[in-house]
Amino acid sequence: MFIHTFGPVAIQIAFAIGMALFLLIFTNAIGPKKYNPVKFDTYECGVSYFNDARGMFNVKFYLIAVIFILFDIEAVFIIPWSVIFMEFKKLGLGLFILGEMAVFLGVLVLAYIYIIKKGALKWD
Amino acid sequence: MQQVMIPAISDSSAQQIIKILGDTNIFYTLPQIIISIGALVTMMIAAISREERGQVINYITSVFFLFAGLVSSVWLASLPKGDAFSGMVSSDLFSGILNIIYSGSALLIILVAHSYFRNRGRYIQELFPLIQFAVVGMMFMTMANNLIIVFLGLEILSVSLYVLAGIDNMDTRSNEAAVKYFLMGAFSSAFLLYGIALVYGGTGSTGLREIAAYINNKSIWQNIYIPAGIILMLIGFGFKVSMVPFHMWTPDVYQGAPLMITAFMSTAPKAAALSAFAKILISMNLEPGSSIMLTNLIGVLAVVTMTVGNLMALNQNDIKRIMAFSSIAHVGYLLIAVCIMNREALAALIFYFCVYTIMNIGFFSLLSLLARDEDRNLTLEGIQGLGKSRPLLGLFLLIFLFSLSGIPPTAGFAAKFFIFNTAIENKFYLLAILGILNSAISAYYYLRIILYAFIREPESGSIDQWSQIKLNAACFVVIFVTAAAVLEIGIVPGYIIDLGKKAIQFL
């Protein structure tokens, strides 16, 4: 049973490992080796780097990031709602589904008011 | 042109939508709706108002909403069984009784927590919405008919509890408790989710009824994913209810969290997690012969849990730590009932939840009167002289500790008797004997608290700290009501047992 169901997965894993090994071994074996100090710099998308990555962040970054993720995920619920809205309207349930979204957004707005009142978005 | 882009809705799917809306039956989730509204209202009050005045308004509001939730739970429990949200959630007497336990315990906790936090000098309004959200999560866990809803409820509950453990952000121990609890809890959620995924992989559904129809009294070994998934779910729930060997977080978290939060964490959430797990096991329709391995496993875990809990409690000095190990031991007794895995055992489970919640909340409410200095005085030496100085409080202490150790005529005795009796009736003799031996061990550390409170004298020359305690009205009412209930259930346990037996017929 396991071979039957997981066989393709095992082949894929073997292929992935084989590919990685192949690339590592052959580039090391065939490729020319020329030393250049720039080669060993931290890669920064072509821009030369300016300090260590292990710096300290202000803890407020994390708070803002968490709040952003929460509200961002809510948008995921709004998009399918808007896609099927017209179908519900055809069934005569337009007001109902509008009310559902109003309740959902109402709860979100309450959370937003809470965040603002608690000063989570204030930077200073 | 735009209309063409949208796939035209077929008649059958239109009928399906209307059928789903007709099956919603939203009133079966009335307690959750009421308490959610309460949580949102108190959250808004917490955002707008400041310090002490806000705390008082929040206190009154949340007591009102929790009481309304309690009344609606009673009303729902009196209704016949029904499904809501197309069978994702179902309401019956079983979930009704547990909903009453959840909302009732939250109500008692809030009544005491208000004065407790005032004495501690902290005004934390977020306490009230978080407790109410936790209650909503627990209610969904018990009413769930689908593993996804169980997980959803568990997460609503857990996230609230993580924050509640660290709610006193000035106390370093409280913060430490929150971080430890969060890390362990997140870890255990992953186990639970993996277990759900495996059961889904094995049976093709997350609905409890569909799973039962798939297993259909056949061996669970027909498909390796089902037992593997059940065991992973057992581990996930085991973390939440602090089953040994997944109990390591319990003493630190219970000691670090503010006292009334510990009282909340040690009662209703355990009832929620265990009842959800027992409901999953029983509604899966496992064939008795094939689940012997599972029965043995849970049985061994029950014995290990109560033995480790009781033995570790013997040498503790901090009362909150003693209560942490005591709650581990009580989970061991409860696991005996889960292990028997039939409906009478579920009745014993419901009865034990009732009794354990009442006596634990009563005992913690009593401690909340004595606590000061961020609970650091709640040690065995710290309560010396209580019995002499305040005989009434000493009497209540006696009642609750007798009940916790299971001495008649208290409710704790009736609850343990019922569980061990069910074990013997179902021929689990060894479990019953080990359980009884364990309650004998547990008497040592409960009675040691009494020994310190009544017999040991405080050092001569020290001032009598207990004479300054002011009895807060709400707190005293809670202590009085729970003590009276402990005695009353201990003397006449019949009607709650009957209610429990009636509840499981409808499951």
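Quick caveat, the model's predicted, so the values are computed rather than measured.

Trainee: Quick one: what's the story with the overall build of chain A, residue by residue and with numbers?
Mentor: Each helix and strand in chain A was counted, giving 3 helices and 0 strands. Walking chain A from its N terminus toward its C terminus, one meets helices and strands in the order α-α-α. For 124 residues, the compact-globule formula gives about 14 Å, and the C-alpha radius of gyration of chain A, at 27 Å, lies well above that figure. With the C-alpha coordinates aligned to their principal axes, the bounding extent of chain A is approximately 70 × 55 × 25 Å. When each of the 124 residues of chain A is scored for burial, the buried share is 1%.

Trainee: Explain the overall build of chain B to me, and be specific about the residues and the numbers.
Mentor: In terms of regular secondary structure, chain B is built from 22 helices and 2 strands. The globule rule puts the C-alpha radius of gyration for 507 residues at 23 Å, and the 23 Å found for chain B is close to it. Taken along its principal axes, the extent of the C-alpha atoms in chain B is 90 × 60 × 40 Å. Burial statistics for chain B: of 507 residues in total, 56% are counted as buried. Pairs at least 24 residues apart make up 79% of the contacts formed inside chain B by residues separated by at least 6 positions.

Trainee: Tell me what's going on with the interface of chain A and chain B, and back it up with residues and numbers.
Mentor: Listed by partner, the interface residues are 10 residues for chain A and 9 residues for chain B. Elements supplying a minimum of two residues to the side of chain A that touches chain B: α2 (59-90) and α3 (94-117) of chain A. The dominant element in the side of chain A that touches chain B, judged by the number of residues it contributes, is α3 of chain A, at 5 residues. Of the residues assigned to the side of chain A that touches chain B, the class counts are 6 nonpolar, no polar and 4 charged.

Trainee: Lay out helix α3 (residues 30-48) of chain B with the relevant residues and their values.
Mentor: For α3 of chain B, which comprises 19 residues, the first-to-last C-alpha distance of 27 Å matches the rise-based estimate of 27 Å (1.5 Å per residue) to within 8%. Looking at α3 of chain B, one finds that the buried residues are Pro31, Gln32, Ile34, Ile35, Ser36, Gly38, Ala39, Val41, Thr42, Met43, Ile45 and Ala46 of chain B. Here the buried face of α3 of chain B lies against α3 of chain A together with α4 (51-78), α5 (93-120) and α6 (127-143) of chain B.

Trainee: Describe in detail the domain arrangement of chain A, supporting the description with residues and values.
Mentor: Many structure descriptions define interface size as the accessible area lost when the parts assemble. Split by domain assignment, chain A resolves into domain 1 (2-40) and domain 2 (59-117). Each of domain 1 of chain A and domain 2 of chain A has a C-alpha centre, and these two points are 44 Å apart.

Trainee: Help me get a handle on the packing of helix α14 (residues 292-313) of chain B against helix α20 (residues 429-454) of chain B, residues and values and all.
Mentor: Residue and element names in this part refer to chain B. In the contact formed by α14 and α20, the axes pass within 9 Å of each other and the chain directions differ by 15°. The orientation of α14 relative to α20 falls into the category roughly parallel. The handedness of the crossing between α14 and α20 comes out as left-handed. On α20, the residues touching Gly299, Ala302, Val303, Met306, Thr307, Asn310, Leu311 and Ala313 of α14 are Leu431, Leu434, Gly435, Asn438, Ile441, Ser442 and Tyr445. Among the residues making up the contact of α14 with α20, the classes are represented as 9 nonpolar, 6 polar and no charged.

Trainee: Before we move on, could you go through the confidence of the model for chain A and cite the residues and values that matter?
Mentor: Taken residue by residue, chain A gives an average pLDDT of 85. The fraction at 70 or more is 98%. The secondary-structure element of chain A with the lowest mean pLDDT is α2 of chain A, recorded at 87, while α3 of chain A shows the highest, at 91.

Trainee: An account of the nonpolar core is needed here, citing residue identities and associated values.
Mentor: The biggest cluster of nonpolar side chains holds 185 residues, and the ones touching the most others in it are Ile109, Leu349, Tyr352, Val355 and Phe400 of chain B. At 21 residues, the largest contribution of residues to this core is made by helix α16 (residues 343-370) of chain B.

Trainee: Which residues make up the confidence of the model for chain B, and what are the values?
Mentor: Residues and elements named next belong to chain B. For chain B, per-residue confidence averages 89 on the pLDDT scale, and residues scoring 70 or more make up 95% of the total. Under a pLDDT of 50 for its full length, residues 1-7 has, in the predicted model, 1 contact with residues more than four places off or in other chains. Two summary scores accompany this predicted model of the complex, namely pTM at 0.88 and ipTM at 0.82.

Trainee: Residues and numbers for unusual backbone geometry, please.
Mentor: Residues and elements named next belong to chain B. Cis geometry marks the peptide bond from Val244 to Pro245, where omega comes out at 5°. Summarising the element assignment, Pro245 is placed in the loop between α10 (225-240) and α11 (249-256). With an omega dihedral of 5°, the bond running from Pro408 to Pro409 counts as a cis peptide bond. Inspection of the secondary structure assignment puts Pro409 in the loop between α18 (391-405) and α19 (411-425). Backbone geometry places Phe85, a non-glycine residue, at a positive phi of 50°. As for its placement among the helices and strands, Phe85 is situated in the loop between β1 (82-84) and β2 (89-91). Even without a glycine there, the phi angle at Ser86 is positive, about 55°.

Trainee: Would you mind going over α20 of chain B in detail, with residue names and values included?
Mentor: All names here are of chain B. In this model α20 runs 37 Å from its N-terminal to its C-terminal C-alpha over 26 residues, within 8% of the 38 Å that 1.5 Å per residue would give. For α20, every residue scored as buried is listed here: Leu431, Gly435, Asn438, Ser439, Ser442, Tyr445, Tyr446, Ile449, Tyr452 and Ala453. Tucked into the core, α20 has its buried residues touching α14, α15 (319-340), α17 (386-389), α18 and α19.

Trainee: Tell me what's going on with the environment of Gly104 of chain B, and back it up with residues and numbers.
Mentor: In this fold, Gly104 of chain B is placed in helix α5. The spatial distance from the C-alpha of Gly104 of chain B to the C-alpha of Ala453 of chain B is 29 Å, given a sequence separation of 349 residues.

Trainee: Pulling in residues and values, what's your account of the packing of α15 of chain B against α19 of chain B?
Mentor: Residue and element names in this part refer to chain B. At a minimum axis distance of 10 Å, the contact between α15 and α19 shows a crossing angle of 35°. The element α15 and its partner α19 pack so that their crossing is left-handed. In this structure, α15 contributes Tyr333, Ile336, Ala337 and Ile340 to the contact, and α19 contributes Lys416, Ile419, Thr422 and Ala423.

Trainee: Outline the environment of Arg372 of chain B, supporting the account with residue identities and numerical values.
Mentor: Residues and elements named next belong to chain B. The residue Arg372 is located in the loop between α16 and α17 in this model. By C-beta crowding, Arg372 is classed as partly exposed, having 16 other C-beta atoms within 10 Å. Separated by 103 residues in the primary sequence, Arg372 and Pro269 place their C-alpha atoms 26 Å from one another.

Trainee: Quick rundown of the environment of Lys388 of chain B? Include the residues and the values.
Mentor: Inspection of the secondary structure puts Lys388 of chain B in helix α17. Residues Lys388 of chain B and Ser275 of chain B, spaced 113 residues apart in sequence, show a C-alpha to C-alpha distance of 41 Å.

Rules of the game
- Residues numbered from 1 in each chain as written.
- Chains lettered and ligands numbered in written order.
- Predicted model: local features only at pLDDT ≥ 70, side-chain atom pairs only at ≥ 80, totals over all residues.
- Helix = DSSP H or I, 4+ residues; strand = E, 2+ residues; numbered from the N terminus.
- Rg over C-alpha atoms; globule rule 2.2 N^0.38 Å.
- Buried ≥ 20, exposed ≤ 12 C-beta atoms within 10 Å, placed from the backbone.
- Contact = placed C-beta atoms within 7 Å.
- Nonpolar A, V, L, I, M, F, W, Y, C, P; charged D, E, K, R; others polar.
- Expected span 1.5 Å × (residues − 1).
- Domains from an automatic or database assignment.
- Axes fitted to C-alpha atoms, helices over the stretch in contact; angles between N-to-C directions.
- Parallel < 35°, antiparallel > 145°, perpendicular 65-115°, else oblique.
- Left-handed = near helix turned anticlockwise from the far one by under 90°.
- pLDDT = per-residue confidence, 0-100.
- Core = buried A, V, L, I, M, F, W, Y, C linked by C-beta atoms within 7 Å.

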